[in-house]
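# Geometric and topological summary
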Amino acid sequence: MSEDGEPPSGGDAAQAPPPPAGPPPGHTTGKLQLDPEVMNVQTGPVERISSVWLDAWQDPVANAKAFSQCVRLADVFGDGDWRLLVADARKKLKVWKGTTLQSEHNLLESAVAITPFYSEANTPRTPAVAVAAGAFVFIYRNLR
(Lines give C-alpha, C1' and ligand atoms only; values in the text may rest on other atoms or scores of the structure.)
Protein backbone atom coordinates (compact mmCIF):
# COMPACT_ATOMS: atom_id res chain seq x y z
CA MET A 1 0.00 0.00 0.00
CA SER A 2 1.20 3.49 -0.73
CA GLU A 3 0.94 6.42 1.64
CA ASP A 4 -2.36 7.49 0.07
CA GLY A 5 -3.88 4.01 0.71
CA GLU A 6 -3.74 2.72 -2.88
CA PRO A 7 -1.97 -0.50 -3.80
CA PRO A 8 1.39 -0.04 -5.57
CA SER A 9 1.34 -0.12 -9.35
CA GLY A 10 2.87 -3.04 -11.26
CA GLY A 11 6.42 -1.73 -11.83
CA ASP A 12 6.81 0.24 -8.60
CA ALA A 13 6.29 -2.70 -6.21
CA ALA A 14 8.90 -2.65 -3.45
CA GLN A 15 10.35 -5.95 -2.36
CA ALA A 16 10.72 -6.90 1.31
CA PRO A 17 14.30 -7.11 2.57
CA PRO A 18 15.66 -10.68 2.93
CA PRO A 19 15.50 -12.20 6.44
CA PRO A 20 18.73 -12.03 8.44
CA ALA A 21 20.90 -15.14 8.36
CA GLY A 22 21.60 -17.01 11.58
CA PRO A 23 20.20 -16.58 15.09
CA PRO A 24 19.43 -13.11 16.50
CA PRO A 25 22.25 -11.35 18.36
CA GLY A 26 22.76 -12.71 21.87
CA HIS A 27 21.27 -16.14 21.08
CA THR A 28 23.26 -19.30 20.55
CA THR A 29 22.30 -22.78 19.50
CA GLY A 30 23.51 -26.05 20.97
CA LYS A 31 25.31 -24.59 24.01
CA LEU A 32 24.10 -23.99 27.53
CA GLN A 33 24.88 -20.40 28.55
CA LEU A 34 25.04 -20.44 32.38
CA ASP A 35 27.66 -19.12 34.74
CA PRO A 36 29.45 -22.25 36.07
CA GLU A 37 30.55 -20.49 39.26
CA VAL A 38 27.02 -19.43 40.23
CA MET A 39 25.02 -22.40 38.97
CA ASN A 40 27.69 -25.11 39.30
CA VAL A 41 26.74 -26.39 35.84
CA GLN A 42 29.07 -27.61 33.12
CA THR A 43 28.68 -26.03 29.71
CA GLY A 44 28.62 -28.14 26.58
CA PRO A 45 26.28 -29.66 24.02
CA VAL A 46 22.65 -29.88 25.10
CA GLU A 47 21.63 -33.53 25.64
CA ARG A 48 18.18 -34.81 24.68
CA ILE A 49 16.05 -36.66 27.19
CA SER A 50 15.31 -40.12 25.83
CA SER A 51 11.81 -40.36 27.30
CA VAL A 52 9.48 -38.10 29.24
CA TRP A 53 7.38 -41.00 30.55
CA LEU A 54 7.93 -42.61 33.91
CA ASP A 55 8.41 -46.36 34.11
CA ALA A 56 5.57 -46.52 36.64
CA TRP A 57 3.03 -45.94 33.85
CA GLN A 58 3.94 -49.25 32.26
CA ASP A 59 3.56 -52.37 34.39
CA PRO A 60 3.18 -55.69 32.55
CA VAL A 61 2.40 -57.49 35.82
CA ALA A 62 -0.69 -55.30 36.47
CA ASN A 63 -2.40 -57.05 33.54
CA ALA A 64 -4.62 -54.05 32.73
CA LYS A 65 -4.99 -52.91 29.15
CA ALA A 66 -7.34 -49.95 28.89
CA PHE A 67 -7.93 -46.71 27.05
CA SER A 68 -7.64 -43.40 28.90
CA GLN A 69 -11.46 -43.00 28.95
CA CYS A 70 -11.60 -46.15 31.11
CA VAL A 71 -9.16 -44.94 33.79
CA ARG A 72 -10.30 -42.69 36.67
CA LEU A 73 -9.46 -41.79 40.26
CA ALA A 74 -12.17 -41.74 42.92
CA ASP A 75 -12.72 -41.98 46.67
CA VAL A 76 -15.03 -44.98 46.23
CA PHE A 77 -15.23 -45.89 49.94
CA GLY A 78 -15.54 -42.39 51.39
CA ASP A 79 -12.46 -42.86 53.59
CA GLY A 80 -10.36 -40.10 52.00
CA ASP A 81 -8.11 -42.53 50.09
CA TRP A 82 -8.41 -42.18 46.34
CA ARG A 83 -8.35 -45.41 44.35
CA LEU A 84 -7.49 -46.02 40.72
CA LEU A 85 -10.44 -47.43 38.75
CA VAL A 86 -9.67 -49.24 35.49
CA ALA A 87 -12.17 -50.89 33.15
CA ASP A 88 -9.87 -53.07 31.06
CA ALA A 89 -10.27 -54.77 27.70
CA ARG A 90 -10.99 -58.17 29.30
CA LYS A 91 -14.33 -56.98 30.76
CA LYS A 92 -13.02 -56.37 34.30
CA LEU A 93 -13.44 -53.33 36.54
CA LYS A 94 -10.35 -53.20 38.75
CA VAL A 95 -9.85 -51.06 41.85
CA TRP A 96 -6.28 -50.32 43.01
CA LYS A 97 -5.12 -48.68 46.21
CA GLY A 98 -1.51 -47.71 45.63
CA THR A 99 0.06 -50.69 43.87
CA THR A 100 -2.28 -53.26 45.44
CA LEU A 101 -5.27 -54.63 43.56
CA GLN A 102 -8.09 -54.14 46.05
CA SER A 103 -11.02 -55.60 44.13
CA GLU A 104 -11.99 -56.87 40.71
CA HIS A 105 -15.51 -56.94 39.26
CA ASN A 106 -16.82 -58.61 36.10
CA LEU A 107 -18.36 -56.34 33.47
CA LEU A 108 -21.17 -57.48 31.19
CA GLU A 109 -19.61 -55.92 28.06
CA SER A 110 -16.35 -54.22 27.06
CA ALA A 111 -16.25 -50.73 28.52
CA VAL A 112 -16.03 -47.61 26.37
CA ALA A 113 -15.71 -45.11 29.26
CA ILE A 114 -16.18 -44.87 33.03
CA THR A 115 -16.89 -42.03 35.41
CA PRO A 116 -17.58 -41.79 39.13
CA PHE A 117 -20.55 -39.66 40.20
CA TYR A 118 -22.52 -38.83 43.34
CA SER A 119 -26.18 -39.81 43.22
CA GLU A 120 -27.07 -39.25 46.88
CA ALA A 121 -26.13 -36.84 49.66
CA ASN A 122 -25.50 -39.54 52.30
CA THR A 123 -22.56 -39.32 54.68
CA PRO A 124 -19.90 -40.54 54.03
CA ARG A 125 -20.17 -39.52 50.40
CA THR A 126 -19.38 -42.51 48.24
CA PRO A 127 -19.67 -42.25 44.48
CA ALA A 128 -21.26 -44.76 42.17
CA VAL A 129 -19.33 -45.68 39.03
CA ALA A 130 -21.02 -45.41 35.64
CA VAL A 131 -19.62 -47.75 32.98
CA ALA A 132 -20.58 -47.08 29.36
CA ALA A 133 -20.55 -50.38 27.46
CA GLY A 134 -22.20 -51.01 24.11
CA ALA A 135 -25.60 -49.31 24.07
CA PHE A 136 -25.92 -49.34 27.87
CA VAL A 137 -24.67 -47.49 30.94
CA PHE A 138 -24.16 -49.80 33.92
CA ILE A 139 -24.05 -48.33 37.45
CA TYR A 140 -21.82 -49.96 40.07
CA ARG A 141 -22.27 -49.00 43.73
CA ASN A 142 -20.29 -49.98 46.83
CA LEU A 143 -17.28 -51.45 45.02
CA ARG A 144 -16.15 -53.81 47.75
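Read on for a plain summary of the structure. (Residues numbered from 1 in each chain as written. Predicted model: local features only at pLDDT ≥ 70, side-chain atom pairs only at ≥ 80, totals over all residues. Heavy atoms only, no water.)

## What to know about a nonpolar patch on the surface
On the surface, Leu 73, Trp 82 and Leu 84 cluster together into a nonpolar patch covering about 320 Å² of accessible area. By secondary structure assignment, the location of Trp 82 is in the loop between strand 1 (71–74) and strand 2 (83–87). (Patch = residues over 30% accessible without salt bridge, like charges linked within 9 Å, V, L, I, M, F, W, Y side chains within 5 Å. Areas by Shrake-Rupley, 256 points an atom, 1.4 Å probe, with all protein chains shown as cover. Salt bridge = Lys/Arg side-chain N within 4 Å of Asp/Glu carboxyl O. Helix = DSSP H or I, 4+ residues; strand = E, 2+ residues; numbered from the N terminus.)

## What to know about the environment of Val 95
With respect to the secondary-structure elements, Val 95 resides in strand 3 (residues 92–97). It is 5.7 Å that separates the C-alpha atoms of Val 95 and Leu 84, two residues lying 11 residues apart in sequence. Residues in contact with Val 95, not counting those within four places in the same chain, are Val 76, Arg 83, Leu 84, Leu 85, Thr 100, Leu 101, Gln 102, Ser 103, His 105 and Leu 143. (Contact = heavy atoms within 4.5 Å.)

## Some points on the environment of Lys 97
In this fold, Lys 97 is placed in strand 3. Under the relative-accessibility criterion, Lys 97 is labelled partly exposed at 36%. Between the C-alpha atom of Lys 97 and that of Arg 83, which follows or precedes it by 14 residues, the distance is 5.0 Å. Residue contacts for Lys 97: discarding those within four places in its chain leaves Asp 81, Arg 83 and Gln 102. (Buried < 20%, exposed > 50% of the residue type's maximum accessible area, 1.4 Å probe, protein only.)

## Looking at the packing of aromatic side chains
Taken as a whole and judged by the stated rule, the model has one aromatic pair. Between Phe 136 and Phe 138 the ring centres are 6.0 Å apart and the planes differ by 40°, which places this aromatic pair in the tilted class. Against the face of Tyr 118 rests Arg 125, its NZ or CZ located 4.3 Å from the ring centre. (Phe/Tyr/Trp six-rings, centres within 6.5 Å; stacked < 30°, edge-to-face > 60°. Lys NZ or Arg CZ within 6 Å of the ring centre and 35° of its normal.)

## A look at the nonpolar core
Ranked by internal contacts, the top residues of the largest apolar core, which has 17 residues, are Val 76, Leu 85, Val 129, Tyr 140 and Leu 143. Counting residues per element, the ones that place at least two in this core are strand 2, strand 3, strand 6 (128–133) and strand 7 (136–140). Here this core takes three residues from strand 6, the largest share from any one element. Leaving out residues up to four positions away in the same chain, Val 76 has contacts with Arg 83, Leu 85, Val 95, Thr 126, Pro 127, Val 129 and Leu 143. (Core = buried A, V, L, I, M, F, W, Y, C linked by side-chain atoms within 4.5 Å.)

## A few points about the sheet that holds strand 4 (residues 100–106)
As summarised here, the arrangement of the four strands in space is 1-2-3-4, forming an open sheet in which the pairing is antiparallel. Among the strands making up the open sheet, the edge pair consists of strand 1 and strand 4. Neighbour-to-neighbour, the strand axes of this sheet turn through a mean angle of 20°, independent of strand direction. As paired strands, strand 1 and strand 2 are joined by four bridges and run antiparallel to one another. Its bridge partner lying in strand 2, Ala 74 is registered against Arg 83. (Pairing = 2+ DSSP bridges. Axes fitted to C-alpha atoms, helices over the stretch in contact; angles between N-to-C directions.)

## Here's the deal with the environment of Leu 107
Residue position: Leu 107 is located in the loop between strand 4 and strand 5 (113–117). Given the relative accessible area of 7%, Leu 107 is considered buried. Beyond its immediate stretch of four places on either side in the chain, Leu 107 contacts Ala 87, Lys 91, Lys 92, Leu 93, Val 131 and Tyr 140.

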